[in-house]
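A closer look at the structure
Below are the chains, spelled out letter by letter.
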Amino acid sequence: MAEVKNGQSAGRGQPSTAYTGQAAGWNELAEKLSSLARSMQDEKGLEHTLEAIVLAAAETVPGADEASITAVSRRRAVQTTAATGALPRAVDQAQYETGQGPCLNSLYEQQTLRLADMCSEPRWPEFCARASQLGIRSMLAVQLYVEGDNLGALNLHSRQVDAFSDQSEQVALMFAAHAAIAVAGAQAQEQMQTAVDSRDLIGQAKGILIERYKISGHEAFRLLVVASQTTNIKLYDVAEYLVTTGALTSRKP
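Computed from a predicted structure; not experimentally measured. (Residues numbered from 1 in each chain as written. Predicted model: local features only at pLDDT ≥ 70, side-chain atom pairs only at ≥ 80, totals over all residues. Heavy atoms only, no water.)

1. Considering the pairing of strand S6 (residues 138-147)
Note on strand geometry: in a regular strand, side chains alternate between the two faces of the sheet. Extensive coverage of S6 is indicated by the burial of seven of its 10 residues. Strand direction decides the pairing type here: S6 and strand S7 (residues 150-158), joined by nine bridges, are antiparallel. What sits directly across from serine 138, in S7, is serine 158. Counting the residues that bridge the hairpin from S6 to S7 gives two residues, and of these glycine 148 lies at a positive phi of roughly 65°. (Buried < 20%, exposed > 50% of the residue type's maximum accessible area, 1.4 Å probe, protein only. Helix = DSSP H or I, 4+ residues; strand = E, 2+ residues; numbered from the N terminus. Pairing = 2+ DSSP bridges.)

Here is the structure:
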């Protein structure tokens, strides 16, 4: 039954009868972002999901010409995991090499940062000089996800001065919230697939040992564990080597 409040009713997922339509522009944006979120979640694998995110971000956020995603693993290793082209990758690399820039601050300080003009920006002088030479004049960086010690930021680049407005920030933040869900889903799916693949491979290795030595499954698994411990090689790699070569292990750690 529809909820009734102050004499006005609305069905689930629909505006109330008091809705005037004045927020139609934002309504269209919300619908577009919801559609984008569904399409991003339909991508197969984390890599394709990240690529879909940067392409959609460059098309959706007002002022953006290019986009990239910067990721930090264990708060140490920094890399660009997806980009719309060579230019944003080069801009990201300039940040990594100089150790300064809006996307790094956005990652570690978990805040949105807007850079209006590379030529007059005082916060990151070395990076700005490099980015300006590459042809980028303004940037917007927003936090994408935080997963323990793993961080991600969405970087938006423009060839125009002062390309990003308050509206750009609002859209970017809304977009990032939808994109973060797609990333989390892709990561979970990838981890699940890795676990399934690992289980299947170890099962194959156990089968080889069971057939070869006429032992139980428990004993076969124990042999794999001992081989892993004595050689300091991961259990998965020991199993893969056995399945591939027929030898339990002959590699040095």
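Now that the structure is up, let's keep going.
2. Looking at helix H2 (residues 46-60)
Helix length check: H2 (15 residues) gives 21 Å between terminal C-alpha atoms against 21 Å at 1.5 Å per residue, within 8%. Every buried residue belonging to H2 is among Leu46, Thr49, Leu50, Ala52, Ile53, Val54, Ala56, Ala57, Ala58 and Thr60, and all of these are buried. (Expected span 1.5 Å × (residues − 1).)

3. As for the pattern of salt bridges
Evaluated as defined, the whole model comprises eight salt bridges. Close ionic contact of arginine 159 with aspartate 65 constitutes a salt bridge, the shortest N to O distance being 3.9 Å. With a gap of 94 residues between them, arginine 159 in the loop between S7 and helix H6 (166-213) and aspartate 65 in the loop between H2 and strand S3 (66-73) connect regions that are remote in the sequence. Overall, arginine 159 belongs to the partly exposed group, its relative accessible area being 40%. Of the charged contacts in the structure, one is a salt bridge between arginine 130 and glutamate 97, with a shortest N-O distance of 2.6 Å. With arginine 130 in helix H5 (residues 125-134) and glutamate 97 in helix H3 (residues 86-98), this residue pair connects regions lying 33 residues apart in the sequence. Assessed through its relative accessible area of 31%, arginine 130 is described here as partly exposed. (Salt bridge = Lys/Arg side-chain N within 4 Å of Asp/Glu carboxyl O.)

4. Things to note about the packing of H3 against H5
Axis separation between H3 and H5 bottoms out at 9 Å; the angle between their running directions is 160°. Taken together, the axis directions place H3 and H5 in an arrangement best described as roughly antiparallel. Of the two possible hands of crossing, H3 and H5 adopt the one that is right-handed. Two secondary-structure elements touch here, H3 through Leu87, Ala90, Val91, Ala94, Gln95, Glu97 and Thr98 and H5 through Glu126, Phe127, Arg130, Ala131 and Leu134. The residue inventory of the contact of H3 with H5, partitioned by class, reads seven nonpolar, two polar and three charged. (Axes fitted to C-alpha atoms, helices over the stretch in contact; angles between N-to-C directions. Parallel < 35°, antiparallel > 145°, perpendicular 65-115°, else oblique. Left-handed = near helix turned anticlockwise from the far one by under 90°. Contact = heavy atoms within 4.5 Å. Nonpolar A, V, L, I, M, F, W, Y, C, P; charged D, E, K, R; others polar.)

5. As for the side chain of serine 138
With respect to the secondary-structure elements, serine 138 resides in strand S6. Serine 138 sits in the buried class, given a relative accessible area of 0%. Of note is the side chain of serine 138, whose polar atom sits 2.6 Å from the backbone oxygen of glutamine 160. Here alanine 163 takes part through its backbone nitrogen, which lies 3.4 Å from a polar atom of the side chain of serine 138. With residues near it in sequence (within four places) discarded, serine 138 still touches Leu115, Ala116, Met118, Leu156, His157, Ser158, Gln160, Val161, Asp162, Ala163 and Phe164. (Polar contact = N/O pair within 3.5 Å; in protein donor to acceptor, adjacent residues only side chain to side chain.)

6. Structural notes on the packing of helix H7 (residues 217-231) against helix H8 (residues 235-245)
Two numbers describe how H7 lies on H8: the axes approach to 9 Å, and their chain directions differ by 110°. When the interaxial angle is binned, H7 and H8 end up roughly perpendicular. For H7 against H8, the interelement crossing comes out right-handed. Every residue of H8 that contacts H7 at Phe221, Leu224, Val225, Ala227 and Ser228 is listed here: Leu235, Val238 and Leu242.

7. What to know about the sheet that holds strand S5 (residues 113-115)
Taken in spatial order, the five strands make up an open sheet running S4-S3-S7-S6-S5, and their pairing is antiparallel. Bordering the open sheet on either side are strand S4 (77-83) and S5, each of which pairs with just one other strand. Geometrically, the sheet is characterised by an average inter-axis angle of 20° between neighbouring strands, direction not taken into account. Alignment of S5 against S6, held across three bridges, turns out to be antiparallel. Within the sheet, the bridge partner assigned to leucine 115 lies in S6 and is methionine 139. This element, H2, spans S3, S4 and S7 of the sheet and lies at about 140° to S3.

8. Thoughts on the confidence of the model for the protein
When pLDDT is averaged along the protein, the result is 83, and 81% of the positions lie at 70 or above. Segment residues 1-13 is flagged for pLDDT under 50; beyond a separation of four residues in sequence, or across chains, it makes 13 contacts in the model. Of the regions scoring below 50 in pLDDT, residues 15-19 engages in eight contacts with residues more than four places distant in sequence or in other chains. (pLDDT = per-residue confidence, 0-100.)

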